[in-house]
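Chain residues, written in single-letter form:
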Amino acid sequence: MQTDRILLRRWMESDAESLFKYASDPDVGPRAGWPVHQSVEESLEVIRNIFSNDTTWAIVLKETNEAIGCMGYFTQATSNIPIGENDCEIGYWVGKPYWNKGICTEALRLMLDYCINEKHYENIWSDHFIGNPASGRVMEKCGFKDTGKLNRCSNLLGGDKDMVRIYKLMDYGT
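The rules we used
Residues numbered from 1 in each chain as written. Predicted model: local features only at pLDDT ≥ 70, side-chain atom pairs only at ≥ 80, totals over all residues. Heavy atoms only, no water. Helix = DSSP H or I, 4+ residues; strand = E, 2+ residues; numbered from the N terminus. Rg over C-alpha atoms; globule rule 2.2 N^0.38 Å. Buried < 20%, exposed > 50% of the residue type's maximum accessible area, 1.4 Å probe, protein only. Contact = heavy atoms within 4.5 Å. Areas by Shrake-Rupley, 256 points an atom, 1.4 Å probe, with all protein chains shown as cover. Lys, Arg positive; Asp, Glu negative; His and termini not counted. Charge placed at Lys NZ, Arg CZ, Asp CG, Glu CD. Axes fitted to C-alpha atoms, helices over the stretch in contact; angles between N-to-C directions. Parallel < 35°, antiparallel > 145°, perpendicular 65-115°, else oblique. Left-handed = near helix turned anticlockwise from the far one by under 90°. Nonpolar A, V, L, I, M, F, W, Y, C, P; charged D, E, K, R; others polar.

Novice: For the overall build of the protein chain, give the residues involved together with the corresponding values.
Specialist: The helix and strand tally for the protein chain stands at 5 helices and 7 strands. Beginning at the N terminus, the succession of helices and strands in the protein chain can be written as β-α-α-α-β-β-β-α-β-α-β-β. In terms of C-alpha radius of gyration, the protein chain reaches 15 Å, essentially the compact-globule figure of 16 Å for 174 residues. With the C-alpha coordinates aligned to their principal axes, the bounding extent of the protein chain is approximately 40 × 40 × 30 Å. Within the span of the protein chain, comprising 174 residues, buried residues form 47% of the whole. Taking contacts inside the protein chain between residues at least 6 apart in sequence as the whole, the part at least 24 apart equals 64%. Total accessible area computed for the protein chain in this model is approximately 8800 Å², and 48% of it derives from carbon and sulfur atoms. Distance between charge centres in the protein chain, computed from 19 positive and 25 negative side chains, equals 6 Å.

See below:
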């Protein structure tokens, strides 16, 4: 999956240094619900044990071939929020140097196309911590609407105390 600027591809062990470069920033991980990475070795373990699956992709900047973020989806069994059996929840993050450049929007549109046209999910959901409204703006640009529902996500870092705002895809293609 690709646009002119980015490519979504499977994570590779050789991405560990790039992952650490962005995941070690204290402004990145906690906004997405995971701890700051402490070493390249930890990032490699994340690639091996968390990102090596059929639902998670690296967001790669085509110009440099560097993994600069992550895009993926969760099924009912793995979702952070209550969703239906034929639904999915999409999650993403991108390194701080790439914030406010439209990259997450491009990547989310690629993932939506995949989830709709390849996986045929009935409903597509997403969420963000209420302290991270920029993530919600990305969702809105891609046709998601705020459901007005908030949820705690105990499996996310900070998810026991901070609420997530739940969005549902309503207008794909906008």
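Moving on, there is more to tell.
Novice: Tell me about the packing of helix α4 (residues 103-117) against helix α5 (residues 133-141), residues and numbers included.
Specialist: Here α4 crosses α5 at 50°, and the two axes come no closer than 9 Å. One element, α4, and the other, α5, form an angle in the oblique class. Crossing of α4 over α5 shows right-handed handedness. Along its contact with α4, which presents Cys104, Thr105, Leu108 and Arg109, the element α5 presents Val138, Met139 and Lys141. In the contact of α4 with α5, the residues fall into 4 nonpolar, 1 polar and 2 charged.

Novice: Talk me through the packing of helix α1 (residues 16-23) against helix α3 (residues 40-51); I want residue IDs and the actual numbers.
Specialist: At a closest axis distance of 8 Å, the pairing of α1 and α3 adopts a crossing angle of 105°. Between α1 and α3, the angle falls in the class roughly perpendicular. Of α3, the residues touching α1 (which contributes Ala16, Glu17, Leu19 and Phe20) are Val40, Ser43, Leu44, Val46, Ile47 and Phe51. For the contact of α1 with α3, the class distribution of residues is 8 nonpolar, 1 polar and 1 charged.

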